[in-house]
Amino acid sequence: MSNVNRTLEVGTGLFVLLGFAALAFLTTQLPGSSLKLKREGASIHVTARFDNVGDLKVGAPVTMAGVRIGRVDAVNFDPGEFKAVVSLSIDRRYDHIPDDSDAAIQTSGLLGAKYVGLGPGGATTFLAEGGQIQFTQSAIVLENLVNKLFAGMAGKKDGDAKQ
Amino acid sequence: MSHSRVTDTFVKIGRVALFLARIGGQCLPALRRPRLVIAQIYNAGARSLIIVMLCGLFVGMVLALQGYDLLQRFGSESALGSAAALGLLKELGPVITALLFAGRAGTSLASEIGLMRATDQLNAMEMMAVDPVRHVVVPRFLGGIIAVPLLTAIFDAIGIFGAQLVGVGLVGVESGSFWSQMQSFVTLSDVNQGIIKSLCFGTACSLMAVYEGFHAEPTAEGVGRATTRTVVSSAILTLLLDYMLTAAYLGS
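Notes on the structure in this doc start here. (Residues numbered from 1 in each chain as written. Chains lettered and ligands numbered in written order. Predicted model: local features only at pLDDT ≥ 70, side-chain atom pairs only at ≥ 80, totals over all residues.)

Once that is clear, we can look at the overall build of chain A. Within chain A, the regular secondary structure consists of two helices and eight strands. Helices and strands appear in chain A in the N-to-C order α-β-β-β-β-β-β-β-β-α. For chain A, the proportion of its 163 residues judged to be buried stands at 23%. For chain A, the proportion of contacts with a sequence separation of at least 24, taken over those separated by at least 6, is 64%. (Helix = DSSP H or I, 4+ residues; strand = E, 2+ residues; numbered from the N terminus. Buried ≥ 20, exposed ≤ 12 C-beta atoms within 10 Å, placed from the backbone. Contact = placed C-beta atoms within 7 Å.)

A few words on the overall build of chain B. Broken down by element type, chain B carries nine helices and zero strands. If you list the helices and strands of chain B from N to C, you get α-α-α-α-α-α-α-α-α. Across its three principal directions, the C-alpha atoms of chain B cover 70 × 45 × 35 Å. Evaluated residue by residue, chain B yields a buried proportion of 50% over its 252 residues. Within chain B, contacts between residues at least 6 apart in sequence are counted, and of these 87% link residues at least 24 apart.

For the rest of this paragraph, the subject is the interface of chain A and chain B. Every contact between the two is made by 30 residues of chain A and, on the other side, 32 residues of chain B. For the side of chain A that touches chain B, the secondary structure elements donating two or more residues are α1 (2–29) and β3 (67–78) of chain A. Of the residues in the side of chain A that touches chain B, the class split is 17 nonpolar, nine polar and four charged. (Nonpolar A, V, L, I, M, F, W, Y, C, P; charged D, E, K, R; others polar.)

What follows covers the nonpolar core. By size, the foremost hydrophobic cluster in this structure holds 78 residues, and its most contacted members are Ala84, Ala85, Ile154, Cys205 and Val210 of chain B. Per element, the largest residue contribution to this core is 19 residues, and it comes from helix α6 (residues 132–170) of chain B. If you look at the next biggest cluster of nonpolar residues, it comprises 24 residues, including Ala60, Ile69, Val86 and Ala113 of chain A. (Core = buried A, V, L, I, M, F, W, Y, C linked by C-beta atoms within 7 Å.)

With that settled, the discussion passes to unusual backbone geometry. All names here are of chain A. Phi at Ala65 takes a positive value of approximately 55°, unusual for a residue other than glycine. Along the chain, Ala65 falls in the loop between β2 (61–64) and β3. Within the chain, Phe82 stands out as a residue other than glycine whose phi angle is a positive 55°. Residue placement: Phe82 occurs in the loop between β3 and β4 (83–91).

A separate point is the environment of Met128 of chain B. All names here are of chain B. Locating Met128 in the fold gives a position in the loop between α5 (121–127) and α6. Judged by the 7 C-beta atoms lying within 10 Å of it, Met128 is exposed. Counting along the chain gives 42 residues from Met128 to Leu170, while the straight-line C-alpha distance between them is 62 Å.

Let us look at helix α4 (residues 80–118) of chain B. Residue and element names in this part refer to chain B. At Leu88, α4 shows its largest bend, some 50°. Of all 39 residues that make up α4, 29 are buried, and the element is covered over most of its length. Just downstream of α4, Asp120 is the residue with a positive phi angle, here 65°. (Bend = angle between axes of the 7 residues up to and from the residue.)

Before going further, it helps to spend a moment on the environment of Gly144 of chain B. All names here are of chain B. Along the chain, the position of Gly144 falls in helix α6. Each C-alpha atom of the pair Gly144 and Glu126 lies 24 Å from the other, and the pair is 18 residues apart in sequence. Contact partners of Gly144, with chain neighbours within four places excluded, come to Ala44, Ala105, Gly202, Cys205 and Ser206.

Structural data, given as structure tokens:
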């Protein structure tokens, strides 16, 4: 009798615990919250300053030649320079990236998510922990591009009319 | 004929509502004997764990496959994480868990109470001035209400794990963007919405199970019919409530 009760209590306890663990996972790990677990390997942390990062998200991939070599750790704003400071962590395996490499915010597909693409430079010194990428290219904002296109077309038309 | 069927429906709805009121009145006294409720949480919840976890895994996996197939046409397969998580949290998790609960636990509740009715155990309790609603029905009802949201949370978590398994492991969505998109799109209110839904579904399914069992015809056939009706009315009620709650949430 007491044995039966024991299994029942242990089983119920396990079930309730599992349920609350799942609930805790859903409430803390899914929505944007500061209590997230970090999935970190050994990596080199560098920063890059951009004029505009578009909607670059934390966790977005950092790629070189299209291959993922790291991820975006944080996107912050520098109120002094009015620039976005993006912290990148790059896998420690890739510790031979020239320190004059450039970083660009790119888009996967026409409307896809933003990611950071690195292009190799020619220096013989390499990016190290805490380093900074000097040459950056901002996100291409589709709306601005469209505006420019229309402005260009309108200007061309005016020119045609004058001739 | 059709007239009597219409009135039958009203009669049944009225009876269910009255029965719910009777249960509600006995909830607090029943909670003074938590052991009975715990035993029912074990019966309804812990024993449904395997089926809920397995189904959650497969639902998450198939959601990732279908979601990827659709999203990659728009070049936005990186949104797979958020699509799978939102689908699971808001719709599939609560609904499928409730349907599984109705099939796995609701039927056994109905047939158990029905058999007590058929073998005159409920009448015997009444003879001894023991209220069968308080001692048999309410613990099972409360056990179901507590178990279903917990089962739903487990279903969701395992489903997201399954979606990650297929999305990242099989079709090759970037693991970083899978999680970061999920975390930037899912809000706490999405999680709450799913939990409130599952509470409503759990109440509906448990209520139908105990009602059908308690009012079963005291024959072998009657118990069988009560079990069938439990599944049918639980499923209909769950999906109806789901539509109403979704409309209310999206409208507000």
